[in-house]
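Tertiary structure, described
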Amino acid sequence: MPSTGKSSIWSEGRKKKLLTELERLYPDPQSELQFQNDYQLLIAVILSAQCTDKKVNEVTPALFRKYKDFKQLAKASVSDVETLIRQVNYFKTKSKNIVATAKIVATDYDGKLPLERSALEALPGVGRKTTNVVLSEKGVEPAFPVDTHVYRVSRRLRLATRTDRDKVEEQIRMKFDPSLWRNLHHWLIFHGRRVCKAQNPLCDECTLSNLCPSSEP
Ligand code: SF4
């Protein structure tokens, strides 16, 4: 398993090389979740916690066909939602959360997702990462969501050294201009999924290895 260290190695020159290579590798840094509006975005992101985007994309078409917006989902029975999303990890908790969230959005915001950090973070099943994803995807404010891939790859590259996710987010935000956060988030996810895998990182195939202190020969 690659090691992670504590010293800062990221000069401006090294950061530029890293960003150039990530952009070359992943020229289209977009979410792999499928959504068409704010409602679908929030629900898909909630469902994606500890679950692959691929699995979420398999269940959301039927869910969104039946419940087309927050107001409709607010009236759903939790057991029906469970049936629709049962292939997703933690489907029982997530079913409860998305129906509860839909009720709040339907009642307190007339069915329109509030695009403010404090309002989003107050919704059931919505934490800092989900809020950051929504704000970043909607272009409301620059944000850097830290999911499991971003956390792992950031630490292996020693872009971040802290163990707490909020601190990892802070360390990255301190290192890069806000205009880069959204793309960097997607690039690190892509790299984590395809190359810098959790169990067996493909260091011998990794074109970042010359920049990575955790590279294994
Ligand atoms: S060399 Fe690449 S695959 Fe290996 S730990 Fe570093 S970033 Fe991950």
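Just so it is clear, the model here is predicted, and its values are computed rather than measured. Once a new chain begins, its residue numbering starts again from 1 and follows that chain's sequence as written. Only residues with pLDDT of at least 70 get local features here, since the model is predicted, and only at 80 or more are side-chain atom pairs given and counted; chain-wide, interface and lining totals rely on the full set of residues. For the side-chain quantities, the full set of heavy atoms in the structure was used; hydrogens and water were omitted.

What follows concerns the overall build of the protein. Looking only at helices and strands, the protein has 11 helices and 0 strands in total. The N-to-C order of helical and strand elements in the protein reads α-α-α-α-α-α-α-α-α-α-α. Only the C-alpha atoms count toward the radius of gyration. The rule for a globule is 2.2 Å times the residue count to the power 0.38. In terms of overall dimensions, the protein is globule-like: its C-alpha atoms have a radius of gyration of 18 Å, near the 17 Å expected for 217 residues. Seen through its principal axes, the protein has C-alpha atoms that stretch 55 × 30 × 30 Å. Exposure was quantified through the Shrake-Rupley algorithm and a 1.4 Å probe, taking into account, for residues, occlusion by the shown protein chains and nothing else. For the protein, the computed accessible surface area is about 11,000 Å², with 48% contributed by carbon and sulfur atoms. Looking at charge distribution, the protein has the averaged site of its 36 positive side-chain charges lying 3 Å from that of its 26 negative ones. Each helix is a run of H or I in the DSSP string that is no shorter than four residues. Each strand is a run of E no shorter than two, and both are numbered from the N terminus. Positive charges are assigned to Lys and Arg, negative charges to Asp and Glu, while His and the chain termini are left out of the count. Note on charges: their place is set at NZ of Lys, CZ of Arg, CG of Asp or CD of Glu.

What follows deals with the domain arrangement of the protein. Examined at the domain level, the protein breaks down into domain 1 (12–30 + 143–211) and domain 2 (38–137). Each domain's limits were defined by an automated method or a database of domain assignments. When each unit is reduced to the centre of its C-alpha atoms, the spacing between domain 1 and domain 2 is 27 Å. Any two residues whose heavy atoms approach within 4.5 Å are treated as being in contact. Across the boundary between the two partners, domain 1 contributes 11 residues, which contact 8 residues of domain 2. Summed over both sides, the interface between domain 1 and domain 2 buries roughly 760 Å², with carbon and sulfur atoms accounting for 47% of that surface. By definition, the buried area sums, over both parts, the 1.4 Å-probe accessible area that each loses when the two are put together. Considering only the surface of domain 1 that becomes buried against domain 2, Ala143, Pro145 and Arg182 emerge as the three largest contributors, covering 49% of it.

So, on to the site of the ligand. Taken together, Arg156, Leu157, His191, Cys196, Pro201, Cys203, Cys206, Ser209, Cys212 and Ser215 make up the full set of residues near the ligand. Mapping the ligand onto the cavity grids shows that it belongs to the largest cavity. Partitioning the shell around the ligand into residue classes produces 6 nonpolar, 3 polar and 1 charged. Residues are classed as near a molecule or strand on a simple rule: at least one heavy atom within 4 Å of it. Note on definitions: the grid is 1 Å and covers protein atoms alone; a cavity is a set of points where a 1.4 Å probe fits but cannot get out; a pocket is an open set with protein on both sides within 12 Å along at least five of seven lines; lining residues have an atom within 4 Å of a point. In this description, a molecule resides in a pocket or cavity if more than half of its atoms sit within 2 Å of the grid points defining it. Charged means Asp, Glu, Lys or Arg here, nonpolar means Ala, Val, Leu, Ile, Met, Phe, Trp, Tyr, Cys or Pro, and polar covers whatever is left, Gly included.

This brings us to unusual backbone geometry. A positive phi is found at Asp110, a non-glycine position, where the angle reads about 50°. Mapped onto the elements of the fold, Asp110 is located in the loop between α6 (91–108) and α7 (117–121). One non-glycine residue, Arg158, lies in the positive phi region at around 60°. Counting through the fold element by element, Arg158 comes out in the loop between α9 (148–156) and α10 (165–175).

Now for the confidence of the model for the protein. pLDDT runs from 0 to 100 and stands for how confident the predictor is about each residue. This prediction gives the protein a mean pLDDT of 95; 96% of its residues lie at or above 70. Overall, residues 1–7 carries pLDDT values under 50, and its contacts beyond four positions in sequence, including any with other chains, amount to 18 contacts.

Before going further, it helps to examine the pattern of salt bridges. The term salt bridge refers to a pairing of a side-chain nitrogen on Lys or Arg with a carboxyl oxygen on Asp or Glu at a separation within 4 Å. One pass over the structure, following the stated rule, counts 16 salt bridges. Note that Asp110 is salt-bridged to Lys71, the shortest N-O span being 2.8 Å. Taken together, the residues Asp110 in the loop between α6 and α7 and Lys71 in helix α4 (residues 70–74) connect sequence positions 39 residues apart. Exposed residues in this analysis have more than 50% of their type's maximum accessible area, buried residues have under 20%, and partly exposed residues fall in between, with area computed by a 1.4 Å probe over protein chains only. Its relative accessible area of 57% is what places Asp110 among the exposed residues. One network of salt bridges, with partners in common, ties together Glu32, Asp53, Arg193 and Arg194.

Looking now at the layout of surface pockets. Grid points are joined across faces, edges and corners, and a volume is the space filled by probe spheres set on the points. The computed volume of the largest pocket comes to approximately 870 Å³. What lines the largest pocket is a set of 42 residues, and nearest its centre among them are Ser48, Ala49, Gln50, Lys129 and Asp147. Ranked by residues supplied to the lining of the largest pocket, first place goes to helix α8 (residues 128–137) with 6 residues. Here the residues of the lining of the largest pocket sort into 13 nonpolar, 16 polar and 13 charged. Taken domain by domain, the makeup of the lining of the largest pocket includes at least three residues from each of domain 1 (12–30 + 143–211) and domain 2 (38–137).

A few words now on the packing of helix α5 (residues 78–85) against α6. α6 packs onto α5 with a crossing angle of 125° between their chain directions and a minimal axis gap of 9 Å. Looking at the two axes, α5 sits oblique to α6. Read as a crossing pair, α5 and α6 show a hand that is right-handed. Where α5 approaches α6, its residues Val78, Val81, Glu82 and Ile85 are matched on the opposing element by Phe91, Lys92, Lys94, Ser95, Lys96, Ile98 and Val99. Among the residues forming the contact of α5 with α6, the class breakdown is 6 nonpolar, 1 polar and 4 charged. Between the N-to-C directions of two axes lies an angle of 0 to 180 degrees, each axis being a line fitted to C-alpha atoms and, for a helix, fitted only over the stretch in contact. For this classification, under 35 degrees means roughly parallel, over 145 means roughly antiparallel, 65 to 115 means roughly perpendicular, and everything else is oblique. Crossing handedness: left-handed means the near helix sits turned counterclockwise from the far one by under a right angle, and right-handed means the same turn made clockwise.

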